[in-house]
Amino acid sequence: MSDHDPSRRRFLGHIGLASLGALGATSLVGCASSASTSSGGNGAGAITLQSNLSSPQAKTAMEKVVENFNKLNKGKATLNTIASETYRTQLPTYLTSANPPDLYTWYAGSVANDYARKGLLLDVSDVWNGLTEYPGSLRSLSTDATGKQVFVPMTNYWWGFFYRKSHFAKWGVQEPKTWAEFLTLCQTLKGKGIPPIGIGLGDTPWVASAWFDYLNIRINGAPFHRELLAGKQRFDDPKVKAVFTRWREVLPYFDPKGKAYPFQEATTALLAGKTGMFLIGTFFADAASTEAIDDIDFFRFPIIDPAVPVAEEAPTDGFFASAKTANPTSVKAFLTYAASAEAQEAYIANSAGIVLPTHPKAKAADRPLVAKGKAMLESAQELTQFFNRDSSDSLQPTADTALTKFIDKPDQIDAILSEWQASAEKVFKG
């Protein structure tokens, strides 16, 4: 359950949300909030769910979940879908408005804890009291610094280098295991006139953070990575410079057009064979046809130092609620339903199906690709979330600035890292 924008206007037009995307934040919040004061099924309070799941299949899947919940007569939920990039920038405004929406799709971990620390999220510990089948790891991920649960998970997914099997076969190449093999693959594809690595930074610069995350956890390990993102290490540390030094080795293999368009167009380029592979999360498949999905495979980010315990990015998606909701009973009823195997299987069945349910007994889609992703995560010694999820939404823009500047000017690593550290310090000091 994830959805992270041609220019945003072109993308909104493509998914039929141009008019919604053009609305101001105040209008969005006002429309969303007004529904929460009415009454729903069986006299229960009505609530509004603000969702960033705006790609067609993800939106359809969430509509099904809301429809199923409403049939239970435990409340009346209204879905308000916002274009994903608009949602990301406006979420703080939604949460801090005088009359905020009740529920939100977003992320677990540090990013939820950051909003909870500001008193913006509803305590949903009593919902968790009924989630006895969930593992302690997910409970911990959903818990804020004071020990209260503030998040309910629904799905998670994996990141990797995705490619089309038919294209790799046509080009006569295979999945690499090591960094050296990865460089050889890049050289081979470039020799065939194919930009080896897709990248989509236009309007979605956060995609570059996946490269930083993976290189850092492959070189310095997940514990250092978490400490760095928590402000306990420095971005101008030599260990971080080593990440960028390694990254420079593959910059010549990036699609030169990738800086101008977002990940959705980078996905189109990959599927059309205009690039060889793309480091991305499984949410990209929401824009792919069934035929294309059956031809998609992936490999894990190559091992660089065998002595570093293997970690993988496994972002967990779900919901948190506004502390100001007028209908906490209905909100908690929806969250309880969303945490069920039934709801998660319904979501997966109506989406592209390339995500994993968080309920231990819920069935994932019957696809080899999904089984491979699940096995990769289960074999990892550590799991991380993603840059902003392991830090905060406030720190993400500092990464967007530093990483896109590095891709443009890789000979200025020292200055870029010094600027990044200074920007990060301002965020950490609040």
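Nothing here was measured: the structure is a model prediction, and the numbers come from that model. (Residues numbered from 1 in each chain as written. Predicted model: local features only at pLDDT ≥ 70, side-chain atom pairs only at ≥ 80, totals over all residues. Heavy atoms only, no water.)

### Examining the overall build of the protein
Heads up, the rule is: Segments assigned H or I by DSSP are reported as helices when at least four residues long, segments assigned E as strands when at least two residues long, and all are numbered from the N terminus. The rule is simple: take the accessible area with a 1.4 Å probe, protein chains only, and divide by the maximum for that residue type; under 20% is buried, over 50% is exposed, in between is partly exposed. Where accessible areas are quoted, they stem from the Shrake-Rupley method and a 1.4 Å probe; at the residue level, only the protein chains shown are allowed to cover.
On a plain count of helices and strands, the protein comes out with 21 helices and 12 strands. A burial count over the protein gives 59% of its 430 residues as buried. Just so you have it, the protein exposes about 16400 Å², and 51% of that area is on carbon and sulfur atoms.

### Examining the pairing of strand S5 (residues 159-164)
This is how it is decided: Each pair of strands is called paired provided DSSP finds at least two bridges between the two strands.
Extensive coverage of S5 is indicated by the burial of 6 of its 6 residues. Of the strand pairs in this sheet, S5 and strand S7 (residues 277-281) are connected by 4 bridges, and their pairing is antiparallel. Opposite Trp159, over in S7, you have Gly281 as the bridge partner. Bridge analysis of S5 against strand S8 (residues 296-299) gives 4 bridges, and the strand direction is antiparallel.

### Re the sheet that holds strand S2 (residues 76-81)
Counted only if it meets this: Whether two residues touch is decided by their heavy atoms; if any such pair falls within 4.5 Å, the residues are in contact. A fitted line through C-alpha atoms serves as each axis, taken over the contacting stretch for helices, and the angle formed by two N-to-C directions is quoted from 0 to 180°.
With mixed pairing, 6 strands are arranged side by side in an open sheet as S2-S1-S3-S10-S4-S11. Strands with a single pairing partner mark the edges of an open sheet, and in this sheet they are S2 and strand S11 (356-357). Sheet contacts for helix H17 (residues 341-350): strand S4 (152-156) and S11; angle to S4, the most-contacted strand, approximately 35°.

### Quick look at the packing of aromatic side chains
Test applied: Aromatic pairing here means that ring centres of Phe, Tyr or Trp (its six-membered ring) are within 6.5 Å. Orientation follows from the plane angle: under 30 degrees is stacked, over 60 is edge-to-face, and everything else is tilted. Should the NZ of a Lys or the CZ of an Arg lie within 6 Å of a ring centre and within 35 degrees of the ring normal, that charge is described as sitting over the ring.
The final tally for this structure, using the stated rule, is 42 aromatic pairs. The ring of Phe298 carries Lys372 above its face, with NZ or CZ at 5.0 Å from the centroid. Over the ring of Tyr107 we find Arg389, and its NZ or CZ is 3.4 Å from the ring centre.

### Focus on helix H16 (residues 328-338)
The element H16 is largely enclosed, with a buried count of 8 among its 11 residues. Buried within H16 we find Ser330, Val331, Lys332, Ala333, Phe334, Leu335, Tyr337 and Ala338.

### Notes on the nonpolar core
This is how the line gets drawn: Here, nonpolar core means buried Ala, Val, Leu, Ile, Met, Phe, Trp, Tyr and Cys residues that are tied together by side-chain atoms lying within 4.5 Å of each other.
In this structure, Trp211, Phe212, Phe244, Trp247, Met277 and Phe334 are the most contacted members of the largest nonpolar core, which totals 117 residues. Tallying contributions element by element places helix H11 (residues 208-219) first for this core, with 7 residues. If sequence neighbours within four positions are ignored, Trp211 has contacts with Phe161, Phe182, Ile197, Ile199, Trp247, Val250, Phe254, Leu279 and Phe301. Within the second largest apolar cluster, 18 residues are counted, among which are Tyr87, Ala112, Leu120 and Leu121.

### Digging into unusual backbone geometry
Notably, Asn73 is not glycine yet its phi reads approximately 60°, a positive angle. With respect to the element layout, Asn73 can be found in the loop between helix H4 (56-70) and S2. Residue Asp203 is not a glycine yet carries a positive backbone phi of 70°. In this fold, Asp203 is placed in the loop between strand S6 (197-198) and H11.

### Looking at the side chain of Ser97
So the rule is basically this: A 3.5 Å cut-off defines polar contacts: any pair of N or O atoms within that distance qualifies, except that in protein one atom must be a possible hydrogen donor and the other a possible acceptor, and neighbouring residues in sequence count only when both atoms are side-chain atoms.
Of note, Ser97 is situated in the loop between helix H5 (84-96) and strand S3 (103-107). Of note is the side chain of Ser97, whose polar atom sits 2.9 Å from the backbone oxygen of Tyr94.

### With respect to the environment of Gly353
Along the polypeptide, Gly353 turns up in the loop between H17 and S11. Residue classification places Gly353 among the buried residues on the basis of a relative accessible area of 4%. C-alpha separation for the pair Gly353 and Val370, spaced 17 residues apart in sequence, amounts to 8.2 Å. The residues touching Gly353, leaving out its near neighbours within four places in the chain, are Ile348, Ala365 and Val370.

### Details of the sheet that holds S6
Taken in spatial order, the 4 strands make up an open sheet running S6-S7-S5-S8, and their pairing is mixed. The open sheet has two free edges, formed respectively by S6 and S8, since each of these has just one partner strand. Taken together, the 2 bridges between S6 and S7 define a ladder with parallel strand orientation. The partner of Gly198 across the bridge, within S7, is Phe278. The strands that helix H10 (residues 179-191) touches are S5, S6, S7 and S8; relative to S7, the one it contacts most, it runs at about 125°. Set on the sheet, helix H14 (residues 263-271) makes contact with S5, S7 and S8; between it and S7 the angle comes to about 135°.

### Looking at the pairing of strand S1 (residues 46-51)
Formally: Crossovers are marked right-handed if the path from the first strand over the helix to the second runs clockwise, as seen with the strands pointing away from the viewer.
For S1, the buried fraction is high: 6 of the 6 residues fall into the buried class. Residues Ala46, Thr48 and Gln50 point to one face of S1 and Ile47, Leu49 and Ser51 to the other, with burial holding for every one of them. When S1 meets S2, the two strands line up parallel, connected through 6 bridges. Bridge pairing in S2 places Ala46 opposite Lys76. Crossover connection from S1 via H4 to parallel S2: handedness right-handed.

### Focus on the environment of Pro357
Within the secondary structure, Pro357 sits in strand S11. The buried category is assigned to Pro357, whose relative accessible area is 14%. Taking the C-alpha atoms as reference points, Pro357 and Ala339, 18 residues apart in sequence, are found 9.2 Å from one another. With residues near it in sequence (within four places) discarded, Pro357 still touches Met154, Thr155, Gln344, Ile348, Ala362, Lys363 and Ala364.

### A closer look at the confidence of the model for the protein
Test applied: A score from 0 to 100, pLDDT tells how confident the predictor is in each residue.
Mean pLDDT over the protein: 89, with 90% of residues reaching 70 or higher. Contacts for the low-pLDDT stretch residues 4-43, under 50 throughout, to residues beyond four places or in other chains number 81 contacts.

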